[in-house]
Amino acid sequence: MTSPIAHFNGAFVPLDEIRISPLDRGFIFGDGVYEVVPVYNGEPLHGREHFERLQRSCDEIRLKNPHTVDEWMALTRKLLESHPGNQSVYVHVTRGVPSKRDHVIPTGLKPTVFMMCYPLASPSKEQIENGVACTTAEDFRWTKCHIKSISLLGNVLARQSSVDAGAVETIMFRNGFLTEASASNAFVVKGGTVLAAPQDNMILLGITYQLLEKLAKDGTLKLEVRPVSEAEVRGADEIWLSSSTKEVLAVTSLDGKPVGTGKPGPVFKRMHALYQEYKGRLGRKDAVAA
Ligand SMILES: Cc1ncc(COP(=O)(O)O)c(C=O)c1O
């Protein structure tokens, strides 16, 4: 099988021909940031918003972004020429390759840029109709979770605890309050109101989270952004996950216990329909207004 085309430091080359130095600070320190842009039928969903978040991540780690949002969009479109259909575009920027291993941030280093595509793993019909199981864990990550850092060990270990229990995500609490899941944001519905965790440094502010906020507003669903206690999560009528890949997905079992009725709830169904309708407008001019 031929290797798919990827992007590496300005060149479009087969993925398996790319070679990265062991001194790359991404390899040595996890010193870099990334993005994942969902693509439907060749059309990136909120590509600009993803690259604006990449800029914020770069700023937070004092890394000079090698490209503007327009340049990133152009690279994405070029990469998509050889990847039709529904894709995830993975974008990775590290601080580059110094001559020696040293924690101190070197000046004048050229960042390493890597992009690849893989088929978008959207939720199955079964997952949408029946919801998914999640487990919970204490959020033991650092306190800069708003940065989309490539240092994902905390998220990896959190995710693995749900894999071990046969569940699809791990919902996390810090000091008794909901933060997010290992690779998704989490929402709770109580008495018809959607509750979402504060948009601070304890979560990655998802592009999908922001879209759900907008869809709730336009679709006249009540959504409150405020600290959500663990007790509220455990006593919720509905729990949802959101991410660029999962879109919006109902959680119907938490730590082995049913959430609400144990079936995707009415507020989820409404939000899922709003999301699908929004996606359906993608590519049309009115779909891009954020
Ligand atoms: C920790 C974490 N939170 C939230 C999200 C959701 O972000 P987005 O909606 O931009 O995909 C992700 C996505 O990968 C994530 O890794």
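Residues numbered from 1 in each chain as written. Predicted model: local features only at pLDDT ≥ 70, side-chain atom pairs only at ≥ 80, totals over all residues. Heavy atoms only, no water.

Caption draft 1: Geometry of the sheet that holds strand β1 (residues 5-8). Here we have six strands laid out as an open sheet, ordered β2-β1-β6-β5-β3-β4, and antiparallel in their pairing. Each end of this open sheet is capped by a strand with a single partner; those strands are β2 (11-14) and β4 (43-44). Of the pairings in the sheet, the one linking β1 to β2 comprises four bridges and is antiparallel in character. Bridge pairing in β2 links F8 to A11. (Pairing = 2+ DSSP bridges. Helix = DSSP H or I, 4+ residues; strand = E, 2+ residues; numbered from the N terminus.)

Caption draft 2: Quick look at the confidence of the model for the protein chain. Of all residues in the protein chain, 97% attain a pLDDT of 70 or more, and the chain-wide mean is 96. Across the protein chain, the secondary-structure element scoring lowest on mean pLDDT is β4, at 96, and the one scoring highest is strand β9 (residues 177-181), at 99. Here residues 285-290 is modelled with pLDDT under 50, and outside its nearest four sequence neighbours on either side it reaches 10 contacts, counting other chains as well. (pLDDT = per-residue confidence, 0-100. Contact = heavy atoms within 4.5 Å.)

Caption draft 3: Looking closely at the nonpolar core. Counting 24 residues, the largest nonpolar core has F187, L212, L215, W240, V248, M271 and Y275 as the members making the most contacts within it. Of all the secondary structure elements, the ones that give two or more residues to this core are β10 (185-190), β11 (193-196), α6 (207-218), β14 (247-254) and α8 (266-280). At six residues, α8 tops the list of elements feeding residues into this core. With residues near it in sequence (within four places) discarded, M271 still touches L212, L215, A216, L221, W240 and V248. Formed by 21 residues, the second largest nonpolar core is a distinct cluster that contains V37, V89, V93 and C117. (Core = buried A, V, L, I, M, F, W, Y, C linked by side-chain atoms within 4.5 Å. Buried < 20%, exposed > 50% of the residue type's maximum accessible area, 1.4 Å probe, protein only.)

Caption draft 4: Expanded view of the domain arrangement of the protein chain. By domain assignment, the protein chain separates into domain 1 (5-119) and domain 2 (125-280). Inter-centroid distance (C-alpha atoms) of domain 1 to domain 2 is 26 Å. With 22 residues of domain 1 at the interface, the matching set in domain 2 holds 17 residues. The junction of domain 1 with domain 2 conceals about 1600 Å² of combined surface from both sides, 61% of it contributed by carbon and sulfur atoms. Looking at the side of domain 1 facing domain 2, the largest losses of area belong to Y34, Y40 and R53, adding up to 35% of the total buried there. Applying the counting rule to domain 1 against domain 2 returns eight residue pairs in polar contact (both at pLDDT 80 or more). Within the residue set of the side of domain 1 that touches domain 2, elements represented by two or more residues are α1 (25-29), β3 (32-40), α2 (47-60) and β5 (87-94). For the side of domain 1 that touches domain 2, the leading source of residues is β3, giving seven residues. Of the residues belonging to the side of domain 1 that touches domain 2, the class tally is nine nonpolar, eight polar and five charged. (Domains from an automatic or database assignment. Buried area = accessible area lost by both parts, 1.4 Å probe. Polar contact = N/O pair within 3.5 Å; in protein donor to acceptor, adjacent residues only side chain to side chain. Nonpolar A, V, L, I, M, F, W, Y, C, P; charged D, E, K, R; others polar.)

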